[in-house]
Amino acid sequence: MSATLSVRSSAPAAACSGCGARSARVHGRYRRSLADLPVAGRGVKVVVTVRRFKCVNDACCQTTFSEQVPGLTSPFARRAPTLTKALVSIALALAGRAGSRLATRLGMPCGRDLLIKLIRAQPAPEVPKVTVLGVDDFAIWRRHSYNTILIDMETHRPIDVLPDREAQTLADWLAAHPGVEIVCRDRGGAYAEGVRAGAPQAMQVADGWHLWRNLAEAVEKTVGAHHGCIRAAFAIPPVAKEPVAGDLVTKEPPTVETAPFVPLDGTLDSLGRPWRLVTRTIERYEIVQHRLAEGKTLAAIRRELRLDHSTVRRFARARSLDELLVKATNRATILDEYKAYLHQRWTDGCHNIPQLHRELREQGFTGDIQCVRRYFRPFKKPHSPLPKQPPVPAPEPRPAPKPRRVVRWIMTNPAHLTETDATELKEIRAACPELDAAARHVRDFADMMRDLRGELLPSWMERVLAEDLPALHSLVNGLRRDHDAVTAALTTSWSSGQIEGHVTRVKLLKRMGFGRANLGLLRQRVLHSP
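Participant: Report on the state of the cysteines, specifying residues and quantitative values.
Facilitator: Per the stated rule, a full pass over the model turns up 0 disulfides. Not engaged in a disulfide, the cysteine C60 finds its nearest cysteine sulfur in C19; these two sulfurs lie 3.8 Å apart. On the basis of relative accessible area, C60 is assigned to the buried category, the value being 14%. Free cysteine C229: the closest other cysteine sulfur is in C432, separated by 3.8 Å. Classification of C229 as partly exposed rests on a relative accessible area of 29%.

This is the structure we're talking about:
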């Protein structure tokens, strides 16, 4: 349901729309309907009784004209100005389809094409006088079509959208709008050339975020080139691999004493040595309990030991070590029922693993030969003497960190690194002089950016060129080509941060257009959206 209001004008005269002369001669009357803002969720229709006046100016081209009620009617309009203003706000925020759905729900039904038409009908805002200009590009069609957005850095508002990102287009715009003193931009060469051509007096400021990203990319290439040093720093001494007994069998019986079998309690192998799983379980249990006694949390222990959270929690909740050892040793295998036979055959002098496997297959064993090989792996070969004491278990290898992890350590403030990460980074820097030099240069560059000490840039570049760091040399060459803008970025407080925020908003507006984000419509939404 909708509400209907009937109104009429009581003005004694009206101004002619052609010549502006006021007339009081009424020629006739008619009624026109206007849609207005809803009330309590109900649509409102305003029925206006309009008078037609006869123009008293004989030189006017219009014989009669219709009166207009100020603030309510306009020529040929079918909506009140308040309703049109509300629909424009919805259209700028949500575009066509989504805006049409919201307007209908609010009691202002309209189609998506009408909302698009209202956006296009908005007058282009006038470009104000700009002193500090921000320039950046955004993609209409990625890798094919790009536009340029211009931001007034002092008012934080977009002032124009250019149809491409060519240097000449930007130069022409700057020439048509003189007075720009500072231009904040990324490190693209086209914008630098356009600013030099269109506003040679303006100071160019490169974006600090892009400088830091360029440095990170150079460090990543350096770490990748020296990752062998990182692997060497984390490597462990090679441990001689014990040969498999069945691989060293001769047709003649052995002439030396074979390895005797000792009773197993689940934690020792046949030679009386603790299993590696048992040793690892004992070490981890002691470390976790010690860290808990120091007051550390499970999350901190997990990060330090690089274990899964459930594993650390299991070691922390264990009431005793025996509880963990029972779970670690009592693991049934398909070879359990044949172990007594294997022990007897090994004691009789049969050390041929394929032969033992064939005999087990005849007895119904379903496993493969590798299962038998792994079982006999702890035994010494028959022709070697038994050790006088169990060997010390080899330490577990430490995996070398990935290059990008090392890059993150180098690019992070040392005060924000964990104790484990700082220790490993210290080992890497001690093992590789090139990575140590790269880390020093990163810290120096970060200090320059934080303290705005751009005058230190030349000496920093000289120190970098004195090292054997090809990736950083390429970075320095790029900085020299854009030396003034980079120095300004490291000296002034201006940056392109708010420009990137507007680019993100433009991407949202473009996606909300559902394929109708051509330059004309998108430009209107960018410039008029709040």
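Participant: Any details on the sheet that holds strand β7 (residues 132-141)? Residues and values, ideally.
Facilitator: A sheet is described by the order of its strands in space; here 5 strands give the open sequence β9-β8-β7-β10-β11, paired in mixed fashion. Unpaired on one side and paired on the other, β9 (157-162) and β11 (203-206) mark the two borders of the sheet. Each strand of the sheet is rotated relative to its neighbour by a mean of 30 degrees, with strand direction disregarded. Direction of pairing for strand β8 (residues 145-152) relative to β9: antiparallel, over a ladder of 5 bridges. Among the inter-strand pairings, D152 is bridged to a residue of β9, identified as R157. Helix α21 (residues 497-512) rests against β7, β8, β9 and β10 (182-185) of the sheet, and its axis sits at about 30 degrees to β7. Packed onto the sheet, helix α22 (residues 519-528) meets β7, β8 and β9 and runs at close to 170 degrees relative to β9.

Participant: Kindly report on the environment of R8, identifying the contributing residues and their values.
Facilitator: Mapped onto the elements of the fold, R8 is located in strand β1 (residues 2-8). Spatially, the C-alpha atoms of R8 and V50 are 6.7 Å apart, while their sequence positions differ by 42 residues. When sequence neighbours within four positions are dropped, the list of residues in contact with R8 reads R29 and T49.

Reading the values: rules and limits
Residues numbered from 1 in each chain as written. Predicted model: local features only at pLDDT ≥ 70, side-chain atom pairs only at ≥ 80, totals over all residues. Heavy atoms only, no water. Disulfide = S-S within 2.5 Å. Buried < 20%, exposed > 50% of the residue type's maximum accessible area, 1.4 Å probe, protein only. Pairing = 2+ DSSP bridges. Helix = DSSP H or I, 4+ residues; strand = E, 2+ residues; numbered from the N terminus. Axes fitted to C-alpha atoms, helices over the stretch in contact; angles between N-to-C directions. Contact = heavy atoms within 4.5 Å.

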